[in-house]
Structure formats: C-alpha cells, structure tokens
Amino acid sequence: MMSSSFAAPSRRDLLFLVGTAGVTGMAGGRPAWAVEAAKGGGVLKVAAPANPSSLDPATGGSGADHTILWTLYDTLVEWDYATLKPKPGLARWSYPDAKTMVLDITEGVMFHDGTALDAAAVKFNLDRNREDARSNVKADLTSIAAIDITGPQQVTLHLKNPDTALPAILSDRAGMMASPTNLRALGTETNRRPVGAGPWKFVSWADNESVVVTRNDHYWRPRRPYLDGIEFAIIPEAATALRSVIAGEKQMAFSLPARLKPIIDRARQLQIIATPTLYCIQLYFNYARPPLSNVKIRQAINFAIDRAAFVKATMGGLGEVATMTLPSSHWAYDKSVSTLYPHDPAKARDLLDAAGFKNGIDISIGSYNDQDSVQRSEVLQAALGEAGIRLKFTRGTIAEISAQFFGAEKKFDMLLSAWTGRPDPSMTYALGFDQGAYYNAGRECAPELSQLIQQSRESEDLATRAAVFAKIQRFVMENALSAPIAFQYELDALAAMVRGYTPDLLGKPKFENVSFA
Amino acid sequence: MSSHRKSLIVVRRLLQAGPVIVLATLIVFALLKLVPGDVAVTLAGDNASDARIAEIRHLYGLDRPFIVQYAAWLWRAAHGDLSASLISREPVLISILRCFPHTLLIVALALAMAITVGIPLGVAAAARAGARIDGAVMTVASLGVAVPNFWLGMLLVTLFALDLNWLPATGAVALGESVRGAFIHAFLPACALAAGGIAEVTRQLRASLVEILSSPQVRTLHMKGLSPAKIMWRHGLKNVSVNLLTVIGLLFNRMLAATVVVEAVFAIPGMGSLIVNAAIHRDFPVVQGVVFAMVMVVVLLNLATDILYTVLDPRIA
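Residues numbered from 1 in each chain as written. Chains lettered and ligands numbered in written order. Predicted model: local features only at pLDDT ≥ 70, side-chain atom pairs only at ≥ 80, totals over all residues. Heavy atoms only, no water.

## Thoughts on empty space enclosed by the protein
A water-sized probe, rolled over the atoms, reveals where empty space remains. Worth spelling out the cut-off: In this analysis a 1.4 Å probe is tested at points of a 1 Å grid over the protein atoms alone, and where it fits but cannot get out there is a cavity; an open set with protein on both sides within 12 Å along at least five of seven lines is a pocket; lining residues have an atom within 4 Å of a point. Grid points are joined across faces, edges and corners, and a volume is the space filled by probe spheres set on the points. Basically, the charged four are Asp, Glu, Lys and Arg, the nonpolar ten are Ala, Val, Leu, Ile, Met, Phe, Trp, Tyr, Cys and Pro, and anything else, Gly included, counts as polar. Elements are defined by DSSP. Helices are runs of H or I of four residues or more, strands are runs of E of two residues or more, and each kind is numbered from the N terminus.
Considering all chains together, one arrives at 7 cavities of 30 Å³ or more under this definition. By volume, the largest cavity amounts to about 170 Å³. Forming the walls of the largest cavity are 19 residues, and the residues nearest its centre are His66(A), Asp172(A), Arg173(A), Asp46(B) and Asn47(B). Grouping the constituent residues of the lining of the largest cavity by class yields 4 nonpolar, 9 polar and 6 charged. Each pocket or cavity is described by its volume, and for the second largest cavity that value is around 130 Å³. Lining the second largest cavity are 16 residues, with Trp70(A), Asp74(A), Pro199(A), Lys510(A) and Glu512(A) sitting closest to its centre. The dominant element in the lining of the second largest cavity, judged by the number of residues it contributes, is helix H2 (residues 66-72) of chain A, at 3 residues. When its residues are assigned to classes, the lining of the second largest cavity shows 8 nonpolar, 3 polar and 5 charged.

Shown next as structure tokens:
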C-alpha cells in the first residue's frame, strides 16, 4: 500500500497528492524505527458527514459507511490508493483456471473477539454475504457457484462464469470479514455490534451523534495502527463540520464541497487535501423512450456541455473534466475516448436539427435541492440553453427525485446527479448500463454492451481488461448513454498536527497510516 | 379554583391528547408514504436492483397496506414499544431519550433568555411609550424578529468561537456528563434561538401594557396617587400576565420547531437532527417516534399553561 506523509505543509498549501511517492525510511535524519515509534498514540477526532446505515458491512447500504467500516474491518483484498489496482489484503488470490479462484488467507489473524480468521471464517462470511436475506451484497457475488475449504487457511471459489472483478469486489463490503462467532450470537440484529479484524475495535455508536473506535492491540500488521482511537462526530452540514476543525474541536473533516475551499484557505494552521476521485457528476438519461431514445439528441447534449466552464464555475476548479465514467488516473482510462465530445454548441444545434428539432427542444430533468446541486443545474441550464436545449427542472430531495427517475414512476427525461464509483469498473458499467440495472432508468441495454461487460470480467490481466473497458467506454460514449460532466475532488481539511493521511481515488478516507506530529 | 376542577382540566386535556397523537402521527405517516422516495431504496443500498428493492419491501413488511403498517406501529407504540430505526436498528426510544435533553436544554435556555431580557425591555418600552427608549427597543425588537436564527448562529460562532475562542463552535454535552459543559455548549445555540423570542416577548408585552396603562382604570389609579411603579407591577403586569403566558407557551412550541435549523448550524445531535435525517431516508419509525414525543411535550405544555391560566386569573376556571 502506498504510504505517504506530508512534510509539515505550509499554511494555505494546496496539496495535490495523486501519484505521490511514499515517504518511508529516513525522515529528518532519524532512522525509520524511531520515526515509527514516535507516531504512536492519540485519539483522532473526525467530523463525518453521515450517520452510518449499519456497521454490518453486509446489511448496510450507504457509500458513506466505508470510512467507518474500514476502521473495524479488514478486507480480503485491498487496492492501491491512487489507481485502485487490487492488491492482497487479508488474503492473496489466484485463478488456477478461469472458473476457479483460490484465496490464501494470512495466518495468525484474529477477530477482535479472539476468533481465528481462518478458512472457515472466510467461507462463513462469503456464504452469508451471498445467501442471507438481509445481505445487500448478494448481487456482487452471483458468479460464485460454491465455496470449498481447501486448507486451514485456504478457500476455493468455484465460479459459474469467469469473474476477474472478484478481487475488486472483495475489496469492498463483500470482502470485509466479520467474526462468525459474533454474527451467530447476534442473529438478525447485526447492525450495531460489529466485531471485525480491523485496526480498531468498536466502542460505541449513537445515531446521528458519534461512532467511537479504539485501538486493536492484536492487529496483525506490525506497528499499526498508530492512533489509539478515532472519534467520529456525525456532522451532516459541511460548513459546520469545517467550523469544528477551524475551532480546533475536530482534527479532520472530509468530503467537503469545493465552495468551502476559500474558507479553509483563510483558516490558520489547516492542511488542505484536494485530489481526484471516481465521484462523477453526470446526466443520467432515460433512453428507452422519446425524446432521448434518439441518439442525436443525447449526443447534442454531450456537445453542448462546457465541461471546463462547469468545473470552474461550480467547483472552483477543484475537479476534473469527465469525458467518460473513469478519471484519467484510473488504470482502465482510455485517452482516445476523451476527445469525442469537445464543447461545440454549433455541432449540438446541427444534431438537434438533424433529429427534427430545428427550434430547439424542451427536456424535463430532475435535480436535487441542495445548494451545490442548484448551482450545478443553473450552470448546465445556461450552457445547454445556448444550443437550444431548454431544461425544465424539477427539484427535490435526493430520495424523492432519484426514486421518481430510477424507480417505477420513470419521471423526467434525465437526471442531474452523480455516480459515486466502484472499486472495479465492471461494477460501474453493470450497475449503470446493463439490461435491467436499477441505475439504467430505461432498463434497456444493447446486447453488444451486455456482452462486453461480461467479457470485461474474463481475463485476469489488467491490460487485457483495460482493452475491453476501452471498447465499453467507446460504446457508451459514442452512443451517448450518459453525459459525464466532472469528477469531484475529495476536499479534506486537516489540523496541522495530523500526519500520514493519504487520500484515495474512491474519495473515502482510510486512517491506517495516520498519526499525530 | 378547587383541586377538583384542576383535576378535571388535567383529565380532560390528557383525554384530548390521545386523538391528537393518533391524528398527528397518522398525518405524518401518510405524508411519508405519499411523497416520492422509499426507505426500501435506502435499505437496498448502493447496488440496488428492482428485484432487491422488492425483496426488501417484503422482508421489512413495507409491501403491506398503508393502514396495516400504521396500525402495527400504533399497536406497538400503545404497548410502550416505539420500535427501532429501519436503517440503523437503534431503538427509537433510546434515540429520543438521548436527543431530547439536548434540544430541551437549548429551548429552555433560550426561553429563559427571552423572558429575562424580553420582559424588562417590554416594560421599559411601555413605561415610556413614544419616547426615545421605546423607539430604540422597538427597533431592536424588529431586528430580532427579522434576523434568521441560523444566520445569527453563524455570526455568533464566528465571533465567540472562532475569533475569540470563548465558547465551543459545535457539539453538545449531556447534562449527566457535565452540567457546566452542557450549559457552555448550549449557550450560543440558545442565544441564536432566543433573539426572535426576546423580540416577540418585548413587542407583545409592550402592546398589552400600553393598552392597559392607557385604560380609564389606570388613569383612576394615577388620580388616587398610586406610584407609577406600583401601577406597573400590581395592575399593569398582573393584567397582562395571561397574555404573556400565551405568548411564552406559543414561543416554546415555535422554538422547539426552530431547533431543526439551529441544531444543524451547531452540530447538536438533538431532536431536529434526528427527525431530519430520518425524514430524508423515510425511516418512518423514527419520524413517528419523534412526532409522538413532540406532540406529548406540546400537549403537556398546553396543559401546564391552562393550569397556570387558572392560577393567574381565577375567572378562567
């Protein structure tokens, strides 16, 4: 895992950390062991933006849970912070043949309750995740036909079809290992008493108030974690979360909106972290019915969007123009697709004309009513208006508008929302574009695309997979099945005393390398 | 008033509370079900599919008819079980018992500020109606009504927490943990909440007092040689006390509602935060529980107000 630390960042520094090399070994003239020893101790106080949906990885549903879940649970597979390339976690994986995956589990790992993390525990977790009625990760593991224990520390997964997305899937909820002893004892009420094998142990959770974790002294990785504990205070209002850091009450606030950056700049003694993430602000289309069943109109929308201006106007420049659903730093990014839709209102008008809408077109669109979404919608409305695409907005809460667009109601032609990203790109395309997928509002998918999505999971070789994803991205963008606009940067504010924090491409902080100065 | 009559009022009010609770929770439940959005989608998680959402609906009994779901909730509530959050599974009663003290402390402190500052200001303005002090007090009171409490809250935080570092910017401490800490944390939110209350008490008190003080009865008292102070305290304030009580009762209810915004500004894990989060995710057992608790508080407060009316003015009984 890449480890990186900030060498006393100066005030008002903006640190772009993608691709930064780890700082290890000698620091300040001291040997590595002395630096390591000096890092121990302290309780980090963090402002977290949302109450967890559950502390049981299998039953939870919110993308905001991960930051807290990762403190309690280690995953079978992990990823590189900057690129999300999978790498061994609690287990090493191999594919003896296309339809068999073998997991070799690290020896000597114990859950917080003393239960051994062995092959039986891994099989118990994976079986539960794919069979329990309350499990929300069943869909991730449908390719598994059976799981056998083939050694004290080895399980073999027999697959229905080749699935090389599994390593990435096992770096997510499905790969978070929970104590079987605890789960058996809890029955169906597993949400609030988590026992994992992560760097910290659970202490308390008061809804909408706090989650507290304390150091796991028997953690399997040597010299980790550095922090004695972490106290997450649930503060949904981002400006309030930032104020708590400025006031010195908390030492970190994460997932802050770009509009708060000037305030962080003005604050004394704060580190600012701003890095790209997979979080893609985009227009979802319902292309199963007119008018967006016409590809020319969808392409016109893509040409009409001034992505660079959008990033500047709505994100204060803290974003990356999105020309596909993956950012440029991702291992499966394909540069050749990025030039398909330059900002060209004239071309958009021509396409509308060719589609039979010489005088422009009215399009209904759903959007959310928070401050940032309203600003985005206004900028977009102006840009598309120039090309004769008149957006008719309906705004509401995320739950309300999303349900109206993706659910049975099928309201609006399109939706201004975001895709939060997944560890494996095949998950993104399967969930957003495949036949019957919930986030594909029209539920229709060209057989060719379905086939490509399946094909993307057949090879273990990343270069081969990247080539398939290039085809998928080209298909999606040439057919304009969505309009990606911008990747949001992860914006975090940290007290000057916090060291070793490295952001990741998922935009969900991990704390294993964090310590105090 | 006889204690028998007081008991009658208490019994009557408590009996009225039953239908009010049923009606309020039924309306809120219906609203939650009528507006778009579905807790099943939240429960199904990020990787939701139509099939999974349908499965969740069945698993959690969300596919039952609306009235059956409401009746099931009401039946359990009537037996003292407010159920648990559909999402996090925290028992609703535990959430309420943890959150309500934070909210009540802020509201009680704000109300105390409104009364202790508002009454002297109202008296001062009424005693010198038309004079400069009256104009000044009324101008400040108008500002108090006009300034949004969240904005005032942010100004207070910037000045007293961030610049001067005198008071905490966010969070709350339970009374059981530290009384001093609880009051220190509640002070700024209470100030933000109290501004409108001070203004309201001042304006209402002034208007009522001016009316009383210009009445023929008070003129007679002046002619009899009673000192202005005695007239104000014995005849003025006593006569407006019922009006004042009504204003304070209404103010309490309004402040309880206003905490939703103030709690967000100060990151206070109170009832406002609880209901907002639950309503966003359509977590109806939590919403129902909070509404139930709020209705109970309002009913009890109205009851206390009614009893105080009869103490202040025996004619009311």
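## Here we look at the layout of surface pockets
Reported here for the second largest pocket is a volume of approximately 700 Å³. When residues of the lining of the second largest pocket are traced back to their parent elements, those giving at least two are helix H6 (238-246) and helix H7 (261-266) of chain A together with helix H7 (149-163) and helix H10 (228-266) of chain B. Of the residues that constitute the lining of the second largest pocket, the class distribution is 12 nonpolar, 2 polar and 5 charged.

## Observations regarding the domain arrangement of chain B
Residues and elements named next belong to chain B. Keep this limit in mind: The domain boundaries here were taken from an automatic or database domain assignment. Two parts placed together each lose some accessible area under a 1.4 Å probe, and adding up what both lose gives the buried area. A carboxyl oxygen of Asp or Glu within 4 Å of a side-chain nitrogen of Lys or Arg is what we treat as a salt bridge. We define a polar contact as two N or O atoms separated by no more than 3.5 Å, with the added condition that, inside protein, one atom must be a possible hydrogen donor and the other a possible acceptor, whereas residues neighbouring each other in sequence contribute only through side-chain atom pairs.
Assigned domains of chain B: these are domain 1 (3-78) and domain 2 (93-312). Spacing between the C-alpha centres of domain 1 and domain 2 amounts to 31 Å. In total, about 1900 Å² of surface goes out of reach between domain 1 and domain 2, with carbon and sulfur atoms giving 79% of it. Considering only the side of domain 1, the residues that lose the most area to domain 2 are Ile21, Leu32 and Trp73, jointly responsible for 28% of the buried surface there. Summed over the shared surface of domain 1 and domain 2, the result is 0 salt bridges. Put simply, domain 1 and domain 2 have 1 residue pair in polar contact (both at pLDDT 80 or more) between them. Broken down by secondary-structure element, the contributors of at least two residues to the side of domain 1 that touches domain 2 are helix H1 (3-34), helix H2 (39-44) and helix H4 (66-78). For the side of domain 1 that touches domain 2, the element with the highest residue contribution is H1, accounting for 14 residues. Here the side of domain 1 that touches domain 2 is composed, by residue class, of 16 nonpolar, 4 polar and 4 charged.

## A short note on the sheet that holds strand E5 (residues 91-97) of chain A
All names here are of chain A. The test is simple: Should DSSP find at least two bridges between two strands, the strands are taken to pair. Axis angles are defined between N-to-C directions and span 0 to 180 degrees, where every axis is a line fitted to C-alpha atoms and, for a helix, only to the segment in contact. Contacts between residues were defined by any pair of non-hydrogen atoms, one from each residue, lying within 4.5 Å.
Pairing in this open sheet of 4 strands is antiparallel, and the strands run E5-E6-E8-E7 from one edge to the other. Looking at strand neighbours, the two that pair on one side only are E5 and strand E7 (144-151), the edges of this open sheet. When strand polarity is set aside, the average angle formed by the axes of neighbouring strands in this sheet is 20 degrees. Pairing of strand E6 (residues 100-105) with strand E8 (residues 154-159), which is carried by 5 bridges, proceeds in the antiparallel orientation. Paired with Asp104 across the strands is Gln154, a residue of E8. Packed on one face of the sheet, helix H3 (residues 119-131) meets E6, E7 and E8 and runs near 170 degrees to E7.

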